[in-house]
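Listed below, chain by chain, are the residues.
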Amino acid sequence: MPDINTILFYIFAFLIVSFSFIVVFAKNIIYSAVSLFVTLFGTAALYILLRADFLAITQVMVYIGGILILLIFGIMMTTRITDSEIKTTNLSSVPAVFVSAGVFVILIIVLLTTKWNINPPVENDVTVNRIGNLLLTTYLLPFEIASVVLLIALMGAAMYARKK
Amino acid sequence: MPAAVQYIIIPLVKVVLIQITLLIGVALTVWLERRTAGFIQDRYGPNRVGPFGLLQPVADVVKLFMKEDIVPEKANKFIHSLAPAISVTIALSTIAVIPFADPIQLFGSEFKLQIADVNIGILYILAMVSLGVYGVTLSGWASNNKYSLLGGLRSSAQMISYELSMGVAVLGIILVNGTFELDTIVQNQAGWKWNIILQPVGFLIFLTAAFAETNRTPFDLPEAEQELVGGYHTEYSSLKFALFFLSEYANVIVSACVITTLYLGGYQFPYLQTFGLSPVLVSILQIITFLIKIFIIVFFFIWIRWTVPRFRYDQLMVLGWKVMLPLALANLTITAIIVTLLK
């Protein structure tokens with residue numbers, strides 16, 4: 001009898017993979033968006049299984065509560081208001097196959113060569129404090145660079161939106 | 001205590017008890033809202049079914065059960081049915097992290113009066129708030145009705161805008177308390193050290209954002225009757241409409257719980273522990289205190305709804321982005337400076 005964590009892992013993994021297929025192959029783009037909802041939620045669940053609670057909740061807030069809702073917002077604006085149906089067609093299939101195969105190979109190499117931390121996770125561990133400390137000490141530079149890049153992207157988007 | 005009891009049965013009992021209480025609360029809030037509206041508008045309100053009309057919500061539910069469930073022909077059937085389910089699930093699951101009283105000792109083991117004691121309770125609430133928009137947006141899209149769609153669009157823009165100020169306001173609380181855990185935050189507010197006194201501006205911002213997030217007047221643009229018929233739920237009838245109705249009022253109650261927990265001392269009755277009462281009695285009094293505080297906030301929500309007129313859409317956006325967000329950021333900066341200086 002495998003333990004409950006293993007069973008849950010396989011359930012969530014199955015959900016993530018199957019709904020990812022729907023995201024890619026669905027003909028109706030709103031189904032892709034709704035399936036992405038399940039995929040992203042499943043990933044958050046996997047983080048919780050790893051006791052990475054902060055990461056899980058950030059995943060939900062940023063990807064599901066932020067990015068995906070903007071995606072759906074965009075889809076709603078275009079398909080229902082301007083009468084232009086978004087068609088989900090596959091372009092450049094051959095290069096796409098090569099790129100995906102390349103990414104797959106890189107992932108496999110990373111998977112096999114990384115020295116994984118396989119210690120059992122600590123129950124009720126508070127990860128937020130340590131993540132915060134690391135972000136403002138060891139990883140301060142990448143953290144600041146990321147925020148500046150995001151700020152520039154924000155300003156650029158605002159500028160383009162103003163132009164017309 | 002065996003693991004099965006500790007991890008499955010006790011949480012299940014808590015979930016059932018708290019959800020039933022929440023549902024009863026929803027019925028009472030609906031009744032209270034209609035009676036208060038009647039009082040404010042100088043009329044009676046529902047007073048025929050049961051004593052003082054208290055059974056009116058039950059009668060309404062039975063009526064909604066009997067109604068025909070109409071799905072528009074050109075609607076997206078699957079998402080049309082999915083949307084109310086998402087709404088109600090998210091409305092009911094936010095309450096999981098709210099603590100209702102100090103942990104109590106019973107039969108030699110400690111029980112927390114909270115469904116899930118997570119380390120990041122505040123973030124869980126913010127995440128759930130950010131998910132709340134899905135039900136409204138998807139229902140607006142799936143109905144294939146221009147009024148519904150406009151309601152859905154307004155709602156997503158409004159909720160995304162106010163979420164931001166809400167999150168920044170909550171950061172002030174986190175700075176003052178140094179934790180994301182809700183029960184620690186409540187315990188830090190013992191006596192009169194309520195966060196509303198330490199964070200008055202944060203409280204105002206959070207309260208306003210809570211009104212916007214629950215789509216209540218003066219921010220009820222997603223369902224503005226005069227412009228949008230019924231807004232996002234125009235095309236809903238029968239039980240699906242009941243689910244939207246349920247989630248709206250559940251959201252009001254849960255917001256009241258969150259506001260109480262974060263700013264009004266949660267279940268703390270000032271200096272209750274110093275009276276020398278038995279622990280079980282203390283817990284019961286704490287639960288009653290919590291319920292009274294929630295009642296006051298819910299009543300405030302209702303009072304505002306029947307007093308203040310609706311914002312215009314541009315006023316709503318100006319308030320959200322040009323007033324509340326800068327104010328929240330200023331509040332955060334000043335709090336950060338004070339906290340650093342006092343260390």
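All of these numbers come straight from a predicted model, not from anything done at the bench.

Novice: Account for the overall build of chain B, naming residues and giving values.
Specialist: When you go through chain B residue by residue, the secondary structure sums to 13 helices and two strands. Computed over C-alpha atoms, the radius of gyration of chain B comes to 21 Å, within 12% of the 20 Å expected from 2.2 N^0.38 for 343 residues, which places it in the range of a compact globule. Based on the C-alpha atoms only, the size of chain B along its principal axes is roughly 60 × 45 × 45 Å. Taking contacts inside chain B between residues at least 6 apart in sequence as the whole, the part at least 24 apart equals 79%. Carbon and sulfur atoms make up 72% of the accessible area of chain B, which amounts to about 15800 Å² in all.

Novice: Tell me what's going on with the overall build of chain A, and back it up with residues and numbers.
Specialist: Along chain A, the regular secondary structure elements total six helices and zero strands. For chain A, the α and β elements follow one another from N to C terminus as α-α-α-α-α-α. Of all 164 residues assigned to chain A, the portion counted as buried reaches 19%. Partitioning the contacts of chain A with sequence separation of at least 6, the portion at a separation of at least 24 is 54%. Carbon together with sulfur atoms contributes 76% to the accessible area of chain A, which is approximately 12200 Å² in total.

Novice: Now, about a nonpolar patch on the surface: what can you tell me, with residues and values included?
Specialist: All names here are of chain B. Taken together, the side chains of Phe39, Ile40, Leu106, Phe107, Val280, Ile284, Ile288, Ile292, Phe295, Ile296, Phe299 and Trp303 present a nonpolar region at the surface, about 1200 Å² in accessible area. For the nonpolar patch, the secondary-structure elements that each account for two or more residues are helix H1 (3–40) and helix H12 (279–305). In terms of residue count, H12 provides more of the nonpolar patch than any other element does, eight residues in total. Structurally, Phe107 is set in the loop between strand S1 (104–106) and strand S2 (109–111). Residue classification places Phe107 among the exposed positions, given a relative accessible area of 79%.

Novice: Could you give me a rundown of the interface of chain A and chain B, with the residues and numbers involved?
Specialist: On the chain B side, the residues contacting the 27 residues of chain A number 27 residues. Here chain A is connected to chain B by zero salt bridges. The tally of links between chain A and chain B comes to one residue pair in polar contact (both at pLDDT 80 or more). Mapped by element, the contributors of at least two residues to the side of chain A that touches chain B are helix H2 (29–49) and helix H3 (53–81) of chain A. By residue number, the principal contributor to the side of chain A that touches chain B is H3(A), which donates 17 residues. A breakdown of the residues in the side of chain A that touches chain B according to their chemical character gives 20 nonpolar, four polar and three charged.

Novice: Now, about unusual backbone geometry: what can you tell me, with residues and values included?
Specialist: Here the phi dihedral of A:Arg51 falls at roughly 60°; this positive angle occurs in a residue that is not glycine. For A:Arg51, the location among the structural elements is in the loop between H2 and H3. Within the chain, B:Asp42 stands out as a residue other than glycine whose phi angle is a positive 60°. Structurally, B:Asp42 is set in the loop between H1 and helix H2 (56–66). Overall, the relative accessible area of 73% leaves B:Asp42 in the exposed class.

Novice: Which residues make up the environment of B:Gly151, and what values go with them?
Specialist: Within the secondary structure, B:Gly151 sits in helix H6 (residues 146–177). Through-space distance from the C-alpha of B:Gly151 to that of B:Leu221 is 7.1 Å; in sequence the pair is 70 residues apart.

Novice: Tell me about the packing of helix H11 (residues 238–263) of chain B against H12(B), residues and numbers included.
Specialist: Residue and element names in this part refer to chain B. Relative orientation of the contacting elements H11 and H12 amounts to 125°, with a least axis distance of 9 Å. On the basis of the axis angle, H11 is oblique to H12. Between H11 and H12 lies a crossing whose hand is right-handed. Residues Glu248, Tyr249, Val252, Ile253, Ser255, Ala256, Cys257, Ile259, Thr260 and Thr261 of H11 form the contact with H12, whose own contacting residues are Phe290, Lys293, Ile294, Ile297, Val298, Phe301 and Arg305. Counted by class, the contact of H11 with H12 contains eleven nonpolar, three polar and three charged residues.

Rules of the game
- Residues numbered from 1 in each chain as written.
- Chains lettered and ligands numbered in written order.
- Predicted model: local features only at pLDDT ≥ 70, side-chain atom pairs only at ≥ 80, totals over all residues.
- Heavy atoms only, no water.
- Helix = DSSP H or I, 4+ residues; strand = E, 2+ residues; numbered from the N terminus.
- Rg over C-alpha atoms; globule rule 2.2 N^0.38 Å.
- Contact = heavy atoms within 4.5 Å.
- Areas by Shrake-Rupley, 256 points an atom, 1.4 Å probe, with all protein chains shown as cover.
- Buried < 20%, exposed > 50% of the residue type's maximum accessible area, 1.4 Å probe, protein only.
- Patch = residues over 30% accessible without salt bridge, like charges linked within 9 Å, V, L, I, M, F, W, Y side chains within 5 Å.
- Salt bridge = Lys/Arg side-chain N within 4 Å of Asp/Glu carboxyl O.
- Polar contact = N/O pair within 3.5 Å; in protein donor to acceptor, adjacent residues only side chain to side chain.
- Nonpolar A, V, L, I, M, F, W, Y, C, P; charged D, E, K, R; others polar.
- Axes fitted to C-alpha atoms, helices over the stretch in contact; angles between N-to-C directions.
- Parallel < 35°, antiparallel > 145°, perpendicular 65-115°, else oblique.
- Left-handed = near helix turned anticlockwise from the far one by under 90°.

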